[in-house]
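An overview of the molecular structure
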Amino acid sequence: MLTFRDILPEDHDLVVPMVLDFYHSDAVDHPVDAAILERSFQAAADPAESLLRGLLIQWNGKPAGYMYITQCYSAEVGGRCVFIEEIFLLPEFRGRGLGIEIMSWLEQEYPAARRFRLEVTQANQGAVRLYQKAGYQFLCYDQMVLDKFK
């Protein structure tokens, strides 16, 4: 059975290796400093941080992966947008249909959301197929960023 729980600080040694695997996969097309990934874990595990929620994905009580979720208001849809920052499943849990269950759970968990949004690289075709099967479609904007960190 698929279950979810909020990530806790004591999950560090369980979750951070999964985060590192995610950032060294086809899901990400550029390097990210490990200190930033650590800072993001700390934020995701902090219940006082309202902008980022970290979730441990479990299958029959065993850790199967993690997710990072954030929310914002989208003027384009006139309401709440749930941004799926990261979804990662350990290799042994892939190909079992859990991805569709996760996407369905997200819609149930955030019923007020007017839009669910995520990023996917073209190299990650397995994820593209999953998201399309779940009803997601490409929104063809080019992203621009100004990173202010170091």
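Structure: see above.
Just so it is clear, the model here is predicted, and its values are computed rather than measured. (Residues numbered from 1 in each chain as written. Predicted model: local features only at pLDDT ≥ 70, side-chain atom pairs only at ≥ 80, totals over all residues. Heavy atoms only, no water.)

Orientation of helix α1 (residues 12-23) relative to helix α2 (residues 34-44), taken along the N-to-C sense of each, is 135 degrees, at an axis distance of 11 Å. For the element pair α1 / α2, the angle class is oblique. With respect to the hand of their crossing, α1 and α2 are arranged in right-handed fashion. Here His12, Val15, Val16, Val19, Leu20 and Tyr23 of α1 lie close against α2, whose contacting residues are Leu37, Glu38, Phe41 and Gln42. By residue class, the composition of the contact of α1 with α2 is seven nonpolar, two polar and one charged. (Axes fitted to C-alpha atoms, helices over the stretch in contact; angles between N-to-C directions. Helix = DSSP H or I, 4+ residues; strand = E, 2+ residues; numbered from the N terminus. Parallel < 35°, antiparallel > 145°, perpendicular 65-115°, else oblique. Left-handed = near helix turned anticlockwise from the far one by under 90°. Contact = heavy atoms within 4.5 Å. Nonpolar A, V, L, I, M, F, W, Y, C, P; charged D, E, K, R; others polar.)

Counted according to the given criterion, the structure contains four salt bridges. Here arginine 115 ties to glutamate 76 by a salt bridge, and the two come within 2.7 Å at their closest N and O atoms. A residue pair is termed long-range when its members are at least 10 positions apart, and arginine 115 in strand β5 (residues 115-118) and glutamate 76 in the loop between β3 (62-74) and β4 (79-89) qualify at 39 residues. What you see here is one network of salt bridges that share partners, running through Asp6, Arg53 and Glu109. (Salt bridge = Lys/Arg side-chain N within 4 Å of Asp/Glu carboxyl O.)

Quick look at helix α4 (residues 125-133) now. Those residues of α4 lying buried are Ala127, Val128 and Tyr131. For α4, the angular spread of the buried residues around the axis is 105 degrees, confining them to a single face. Away from its buried face, by an angle of more than 90 degrees, α4 presents the exposed residues Arg129 and Lys133. As for α4, its buried residues are in contact with β4, α3 (98-109) and β5. Just downstream of α4 lies glycine 135, where phi reads positive at about 100 degrees. (Buried < 20%, exposed > 50% of the residue type's maximum accessible area, 1.4 Å probe, protein only. Arc of directions from axis to C-beta.)

What follows covers the sheet that holds β4. Backbone-to-backbone hydrogen bonds join strands into a sheet, with any given pair of strands oriented parallel or antiparallel. The mixed open sheet is built from five strands, whose spatial order is β1-β2-β3-β4-β5. This sheet does not close on itself; its edge strands, each paired only once, are β1 (2-6) and β5. When the angles between neighbouring strand axes are averaged without regard to direction, this sheet yields 30 degrees. Together, β2 (53-59), β3 and β4 form the strand contacts of α1, whose direction differs from that of β3 by roughly 70 degrees. (Pairing = 2+ DSSP bridges.)

Interpretation note: all reported values are geometric properties and have no functional meaning in isolation.
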